[in-house]
Structures are given as structure tokens and as C-alpha cells.
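Observations on the model geometry
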Amino acid sequence: MTMLLSALKSSSPLRRAPAARCLSAWAQVEMGPPDAILGITEAYKRDGDARKINLGVGAYRTDAGKPYVLSSVAQAEQSILRQSLDKEYLPITGLAKFTSAAASLAYGGDALERVAVTQSISGTGALRIGGAFLERFHKGKAIYVPGPTWGNHGAVFRDCGLKVGQYRYFDPQTNGLNLGGMLEDIRALPKGSLVLLHACAHNPTGVDPSAAQWAEIQRVVEECEHVAFFDMAYQGFASGDVDRDASALRSFVAANRAPVLLAQSFAKNMGLYGERVGTFSVVGNDSAERDRLLSQVKILVRPMYSNPPVHGARIAGEVLSDPALRQMWLGEVREMAERIIRMRAALRGELEGLGSKKKWNHITDQIGMFCFTGLSPAQVDRLASEFHVYLTRDGRVSIAGITTGNVKYLAESIHNVTKD
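Residues numbered from 1 in each chain as written. Predicted model: local features only at pLDDT ≥ 70, side-chain atom pairs only at ≥ 80, totals over all residues. Heavy atoms only, no water.

Each helix and strand in the protein was counted, giving 17 helices and 13 strands. By the compact-globule yardstick of 22 Å for 420 residues, the protein fits well, its C-alpha radius of gyration being 24 Å. Its C-alpha atoms give the protein principal-axis dimensions of roughly 90 × 60 × 55 Å. Put simply, 75% of the contacts in the protein that link residues at least 6 apart link residues at least 24 apart. When the accessible surface of the protein is totalled, it reaches about 19800 Å², and 54% of it is carbon and sulfur. Side-chain charges of the protein comprise 48 positive and 42 negative groups, with the mean position of each set lying 6 Å from the other. (Helix = DSSP H or I, 4+ residues; strand = E, 2+ residues; numbered from the N terminus. Rg over C-alpha atoms; globule rule 2.2 N^0.38 Å. Contact = heavy atoms within 4.5 Å. Areas by Shrake-Rupley, 256 points an atom, 1.4 Å probe, with all protein chains shown as cover. Lys, Arg positive; Asp, Glu negative; His and termini not counted. Charge placed at Lys NZ, Arg CZ, Asp CG, Glu CD.)

Turning to the packing of helix α5 (residues 122-137) against helix α6 (residues 151-159), a few remarks are in order. Running from N to C, α5 and α6 point in directions that differ by 40°, and their axes come no closer than 8 Å. With respect to α6, the element α5 is oriented oblique. Every pair of crossing elements has a handedness; the one defined by α5 and α6 is right-handed. Of α6, the residues touching α5 (which contributes Thr124, Leu127, Arg128 and Gly131) are Asn152, His153, Val156, Phe157 and Asp159. (Axes fitted to C-alpha atoms, helices over the stretch in contact; angles between N-to-C directions. Parallel < 35°, antiparallel > 145°, perpendicular 65-115°, else oblique. Left-handed = near helix turned anticlockwise from the far one by under 90°.)

Of all 7 residues in strand β10 (residues 277-283), 7 are buried, a share of seventy percent or more. The side-chain alternation of β10 yields two buried faces, one formed by Val277, Thr279, Ser281 and Val283 and the other by Gly278, Phe280 and Val282. Pairing between strand β2 (residues 115-121) and β10: 7 bridges, direction antiparallel. Bridge pairing in β10 places Ala116 opposite Val282. As paired elements, strand β9 (residues 260-265) and β10 share 5 bridges and run antiparallel to each other. Note on β10: the bridge partner recorded for Leu262 is Ser281. (Buried < 20%, exposed > 50% of the residue type's maximum accessible area, 1.4 Å probe, protein only. Pairing = 2+ DSSP bridges.)

Further remarks concern the pattern of salt bridges. All told, the structure shown has 16 salt bridges when counted by the stated rule. A salt bridge links Asp49 to Arg51; the shortest N-O distance between them is 3.0 Å. On the basis of relative accessibility, which here comes to 44%, the residue Arg51 falls in the partly exposed class. Through salt bridges with shared partners, a single network forms among Arg168, Glu184 and Asp185. (Salt bridge = Lys/Arg side-chain N within 4 Å of Asp/Glu carboxyl O.)

With that settled, the discussion passes to the environment of Glu223. With respect to the helices, strands and loops of the structure, Glu223 is situated in helix α8 (residues 211-223). The sequence separation of Glu223 and Trp360 amounts to 137 residues, and the corresponding C-alpha distance is 36 Å.

Inspection of the entire model under this criterion finds 13 aromatic pairs. Centroid distance Phe170 to Phe372: 5.0 Å. Interplanar angle 90°. Geometry classified as edge-to-face. Note that Phe170 is positioned in strand β5 (residues 170-171) and Phe372 in strand β11 (residues 370-372), a separation of 202 residues in sequence. Phe372 shares its class with Phe170; the two are buried. (Phe/Tyr/Trp six-rings, centres within 6.5 Å; stacked < 30°, edge-to-face > 60°.)

Grouped together as the largest cluster of nonpolar side chains are 61 residues, with contacts concentrated most on Met270, Trp329, Leu347, Val389 and Ile402. Of all the elements in the fold, those that place two or more residues in this core are α3 (71-82), α4 (96-107), α13 (311-321), α14 (323-353), β11, α16 (377-387) and α17 (407-418). Considering each element in turn, this core owes the most residues, 9 residues, to α14. Setting aside residues no more than four positions away along its own chain, Ile402 makes contact with Leu55, Arg339, Met343, Leu347, Val397, Val407 and Leu410. Ranked by size, the runner-up nonpolar core spans 39 residues in total, among them Ile186, Val195, Phe252 and Val283. (Core = buried A, V, L, I, M, F, W, Y, C linked by side-chain atoms within 4.5 Å.)

The sheet built from 7 strands is open, its strands ordered β2-β10-β9-β8-β7-β3-β4 with mixed pairing. The open sheet has two edge strands with one neighbour each: β2 and β4 (163-168). Within the sheet, the average angular offset between the axes of one strand and its neighbour, ignoring direction, is 25°. The strands touched by helix α10 (residues 247-255) within the sheet are β7 (194-198), β8 (227-232), β9 and β10, with β8 carrying the most contacts at an inclination of about 155°. Most of the contacts of helix α12 (residues 287-305) go to β2, to which it runs at about 15°, and overall it touches β2 and β10.

Below, the structure is given as C-alpha cells:
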């Protein structure tokens, strides 16, 4: 026994050495910066004041401030559960019932025979597939995004190996669109550049081009032979009309003068946030080109995640393909959009009623879930520290967090930090 213990003791440094080497292998890894939105939510949760308001999270809430499960989604899910379906792998490109219905929703009845579409891990996954596709097959290795844009766009595209540039979009003087600067910058890009466009409900500003402005943007993109990559995360959620919200995309595709790609999400307009349901699609010149494009998309997806999850796609596919459920869903999307529009009007009305000397028309001029208020970082900090109102430091407000119960207090708080 003594000899055995002696042997174990003498061997113990040899056993510990590999562990020590494994630990030191990651010593150079630095602490990453915290997520800005997550930090806002954590601060909100720590706040014990009953008046606190969270305007940072980009998810729809009811007028009671609660998450919303659409009735159409709930009924579709119950129908799927009654069918006792299996849990087998989907094909690489996903559930055909869903992807065909999603493509039809986005593109309308035209050009579907030219669309190569795959199911994706919501909109973020669609952007990642698109970025990988462009990095592999497009001669340009840079993509240009609006300034500002969704905070994850740059990270996604850079991780795909693309350089990320910016064109002017938001005008802080008017809290509206800087169309002149946008067109000037797009014209100045190298011929055939990759241009990211928000199809509707621009995130984070809520500033969308008018139909006439979209026509000018399309003309310049086509003249410069650029590639248009649309990000459409809010179809139906912006105006309440799925066709209106897809009109810019459809106009580009109908003209067939600029290559078009699309990242599509069903997180917002179906409330399928945690199900991660979306599509990536690219439009070819004909069905033969579509097939070639789709073959390469499959090659990209296979080592990325092999195939997508099934449950959320079944729900969305059921909602989109069942006539009764589709009509119910369209009504619910319209109701969500109208609540957002009502809250915009209510906030503007309360601010103007307080005698504010600032102009607040941009609150109702903008559209969709987000509003770029024009508040400075210092004013945002005061809202949090003095009034328990939490939003991102660029002044972006998630209108979905506003309710009939808190809009008056919110307006008073904003008035207090902007009246000096």
C-alpha cells in the first residue's frame, strides 16, 4: 500500500500538467464587450421603481406590456400537434411548404420561377448565408450598409469575410431621410457594389423612403449596376399591409435590371422570435440559373448547420398556406401595426400638449417598431437615472414598449430632459 501511494504521489504532477497547459492555451482571450441591449434589460430588471419602462428590446408587446402569441400561430401549432408528425431531418433547404409560401409572400406572384430560396435560422441566419454566398461568388468583397443600420449587420458580414462600408441615410437635423446624401454615396460606389437596403421599417431609425424616393433609389442602383441585398424583417409590421411593405423589393425584381437577394424573417410579423424562422433567397435570370444558385446555397448551408429546425417552419407554413389562418394572421399583423401607430400618435400628442418647444413630428413620420427620437446620450442617461426609462444611448425607442398606461409618464420624462 505504501508503495502504491508513493507511486500515485510521484505521478500526480504528470496528471496535472495537461490541465495546466489547457488553461494557459486561452490566456490570451480577452473579455468581450457586453451586449448593449442586454445591458439595458439587466439595468431595467434591477430597477425597483414601479414606473420603470423598458424601451430597448425589439420585440412586440401588448398594451398591457406582455409578450403576444398570435391566435393564428397558436391554432396552427395545435393543428400540427394533432397530426403527431415525426421529428426527422428536413432537407438542407428546409420545409418546402414553408419556403414556397414565404417566397410568395415576399415576391408576390411574379418571378417565383426565378427565385432560389432556402429556409434559414431567422433573419440573422439569412444574412449570414447571404454574406457567405456573396463572399464566394461576387467579385466585390465589400458591402455597403445605411448609416446607421441594425447593429448586427456589420458583425455578420465581417464574419463572412466581407468589408463593410456605409452610405448616408439618416439626417439628424430633420430626423428623416437624407435622400440626397444617400444617392450621392451610392453613385460614388465602385460599379457593381453590394448595397444593403432595408425593405421596410428601417431599424434603428424608423425612417423609410416614400414610393417616389424608392423609385429614385432603384434607378441609381440600376444605373450603377449594383447588387441589391434586401433585409426584410418587418413585412406587414410596418404599414399593416404585407403587399405595401414588400413593394420596393417587388419593384426591383419586376424591373430585373439589378441582381436581388433577400433576407426574410418571421420573428416580428408572426411573433416567432424563439422559433428562428426565416428564408434566404436570390433571384436568377431564369429557372436554370435558379437551380445553379440553389445548388451552391446548399453547399454553403451543409457545413454551416446541415439543415434547419422543423417546428417553427411548420407553424409558419401552416399559417401561410391555410386560407382561414392566413386571413386571421393578416388581421393580427394589421392590429399590431396599428397599435404601434397609435402609440406614436399618443406620444407625440402628449409631448406637444406639455408645451415642448421641440418638434416631434418625426415620431409619427417614422414607421415600424423603432423611433429615432433625436435624444442625446446625456439625455438618455438622465432618463434612466432620474426617471427609470431605459433605451439605447443613440436615442432609439422601441415603440412596442409604450402603452396607454405609461405614455403620459414617458412624455413627461422626455419633456423634462429636453426642455432646457
